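Architecture at a glance
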Amino acid sequence: MFAVALSVLLSVLDYAIANVALPTIAQDIHASPSSSIWVINAYQMACLATLLPLASLGSRLGFARLCRIGLATFVVASVLCAMSHTLLELALARALQGIGGACIMSVNIALVRFIYPHGEIGKGIALNGVVVATGVALGPTIAAAVLSVADWPWIFLINLPLGGAAMVAALVYLPATPRSASSFDLASAALNVVAIGCLVVGLDSLVHRSGPVVAVWLLLIGGAAFFQLARRQTGRSDPMLPIDLLAVPDFLIAFSVGFMAFVASNFFIISMPFTLETVLHRSAVATGLLITPWPVGIVAISPLVGRLADRVPAGILSSVGLCVTGTGFVLLCLLPPDAGNLDIAWRIAIAGMGFGIFQPPNNRAMMVAAPHGRSGSASGMVSVARLWGQTMGAMFVALTFGFVRHDPTLRCLELAAACAYAAALISSSRLLRTRHQ
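All figures in this text were calculated on a predicted structure; none of them were measured in a lab.

1. So, the packing of aromatic side chains
Per the counting criterion, the structure on display carries 10 aromatic pairs. Judged by centre distance (6.2 Å) and plane angle (15°), the ring pair of Phe-267 and Phe-396 falls under stacked. Remark: Phe-396 occurs in helix H16 (residues 375-403) and Phe-267 occurs in helix H11 (residues 249-279); sequence separation between them is 129 residues. By relative accessible area, which is 3% here, Phe-267 ends up buried. You can call Phe-396 partly exposed: its relative accessible area is 32%. Summarising the aromatic geometry, the rings of Trp-294 and Phe-329 are spaced 6.1 Å apart at their centres and angled 15° between planes, so their arrangement reads as stacked. Of this pair, Trp-294 sits in helix H13 (residues 293-308) while Phe-329 is found in helix H14 (residues 314-333), placing the two residues 35 residues apart along the sequence. Judged on exposure class, the residue Trp-294 and its partner Phe-329 are both buried. An aromatic cluster is built from Phe-262, Phe-268, Trp-294, Phe-329, Phe-355 and Phe-358, whose rings are joined through pairwise contacts.

2. What about helix H10 (residues 212-233)?
With 22 residues, H10 should cover 32 Å at 1.5 Å per step; its first-to-last C-alpha distance of 31 Å lies within 8% of that length. Among all positions of H10, only Ala-215, Leu-218, Gly-222, Ala-225, Leu-229, Ala-230 and Gln-233 are buried. For H10, the angular spread of the buried residues around the axis is 140°, confining them to a single face. Away from its buried face, by an angle of more than 90 degrees, H10 presents the exposed residues Val-213, Trp-217, Leu-220, Phe-227 and Arg-231. In this fold, the buried residues of H10 make contact with helix H9 (186-207). One or two positions beyond H10, positive phi appears at Gly-235, with a value near 90°.

3. Some words on the confidence of the model for the protein
On average, residues of the protein carry a pLDDT of 84, and 94% of them reach 70 or more. Taking the mean pLDDT of every element in the protein, the minimum, 64, falls on helix H2 (residues 33-36) and the maximum, 94, on H14.

4. Here's the deal with a nonpolar patch on the surface
A cluster of nonpolar side chains, namely Val-194, Leu-206, Val-213, Val-216, Trp-217, Leu-220 and Ile-221, defines an oily patch on the protein surface of about 650 Å² accessible area. Looking at which element gives the most residues to the nonpolar patch, the answer is H10, with 5 residues. With respect to the secondary-structure elements, Val-216 resides in helix H10.

5. Things to note about the side chain of Asn-192
The topology assignment puts Asn-192 in helix H9. Not counting residues within four places of it along the chain, the set of residues in contact with Asn-192 comprises Ala-49, Leu-52, Pro-53, Leu-229 and Leu-241.

6. Some details on the domain arrangement of the protein
You can read the domains of the protein as domain 1 (1-177), domain 2 (186-239) and domain 3 (241-436). Computed over C-alpha atoms, the centres of domain 1 and domain 2 are 24 Å apart. Carbon and sulfur atoms make up 69% of the surface buried where domain 1 meets domain 2, a total of about 700 Å² over both sides. Counting the contacts that link domain 1 with domain 2 gives 0 salt bridges. If you look at where domain 1 meets domain 2, you find 1 residue pair in polar contact (both at pLDDT 80 or more). Among the residues making up the side of domain 1 that touches domain 2, the classes are represented as 6 nonpolar, 2 polar and 1 charged.

7. Topic: the pattern of salt bridges
Taken as a whole and assessed by the stated rule, the structure comprises 1 salt bridge. A salt bridge links Glu-414 to Arg-411, with the nearest nitrogen and oxygen atoms 2.8 Å apart. Taken together, the residues span about one helical turn, with Glu-414 and Arg-411 both in helix H17 (residues 408-436) at a distance of 3 residues.

Reading guide: rules and limits
- Residues numbered from 1 in each chain as written.
- Predicted model: local features only at pLDDT ≥ 70, side-chain atom pairs only at ≥ 80, totals over all residues.
- Heavy atoms only, no water.
- Phe/Tyr/Trp six-rings, centres within 6.5 Å; stacked < 30°, edge-to-face > 60°.
- Helix = DSSP H or I, 4+ residues; strand = E, 2+ residues; numbered from the N terminus.
- Buried < 20%, exposed > 50% of the residue type's maximum accessible area, 1.4 Å probe, protein only.
- Expected span 1.5 Å × (residues − 1).
- Arc of directions from axis to C-beta.
- Contact = heavy atoms within 4.5 Å.
- pLDDT = per-residue confidence, 0-100.
- Patch = residues over 30% accessible without salt bridge, like charges linked within 9 Å, V, L, I, M, F, W, Y side chains within 5 Å.
- Areas by Shrake-Rupley, 256 points an atom, 1.4 Å probe, with all protein chains shown as cover.
- Salt bridge = Lys/Arg side-chain N within 4 Å of Asp/Glu carboxyl O.
- Domains from an automatic or database assignment.
- Buried area = accessible area lost by both parts, 1.4 Å probe.
- Polar contact = N/O pair within 3.5 Å; in protein donor to acceptor, adjacent residues only side chain to side chain.
- Nonpolar A, V, L, I, M, F, W, Y, C, P; charged D, E, K, R; others polar.

Take a look at the structure:
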């Protein structure tokens, strides 16, 4: 589990650090603020586009072996990022980093399932959530510390010692796992990359109203590729696009809850800094510190949730957590204009603690609902729910900012609360299913 935790920390930490350093990077490589976003988007899109093919590949190569390949790719890409001099070079290197991160994230939950006994999987998933939240929390602090004493390339070079330690731990400790005997479907992998890449870029262009004709063509190409991919995967026993898992009612509910919850979280995470700086008149440094209670709340509650996730049904625990998160967002909506820092921080902490309660039991429900031998596919779908939720949440925020003229940041917080409560309602439907069964 130490090896898994180090690997996950590496991929999450670097994503959080790059977000904070983006203005400095843009200035140094002479890129406009809008175009510099591709330093972030390249990582996210590459990770999302390759996640399912790599989860499928992990079932064939072995989850531990793919994790090691991901670590090696990530470290090499980090060196290339540090050596980049133009936006194109950096974006390509970040895309390679995203592929390395996808190797790690596509199999980390599957590895947890093989590391922990069946009755304690919830503990492992909760610990995995603590690592993710810790990486998010540490990212801004580490970025600020590095940039105060060195140039921006060092935010990527610090991956080398952590990546080296993770590689040693992965080589020594990660367990051997069963492998699928079926061959890897390269054509389906290419269709998956084209489908997700075109859909994400097309939706992003449409939301930002930049080249609507091109955006429509991208969406059509992405939709056609997705349709062809679904046709190729129909009837396969271990498909790369595991939409057959969505036919399992418990899996479908958990996937939908995860997707909606991460839409809610991105409504909050992206809009809240604007609320703090433009409405509540906090400095950039104060804004970063005031956001920190979100991951701290997740980390603080995770040990308790880890003990409960294997004993309390997800229909209860996840629903309660999402209601707490929604209530935290409502309390933020009710902040007075002269709110103090403590008033802001405790509300964000409540929302974060609720999110920490929701994640482990819901992720456990997805893994347990998957048929035997489908751990790789289920692990990939856990990350797909998160990444698609984050991606769509970001696009909805852009839409809200573009079309709402009066208090768009407040509307985003209201929508965050609405999505959290909707996810709680979907989650609670599991209790009705259990009662009927």
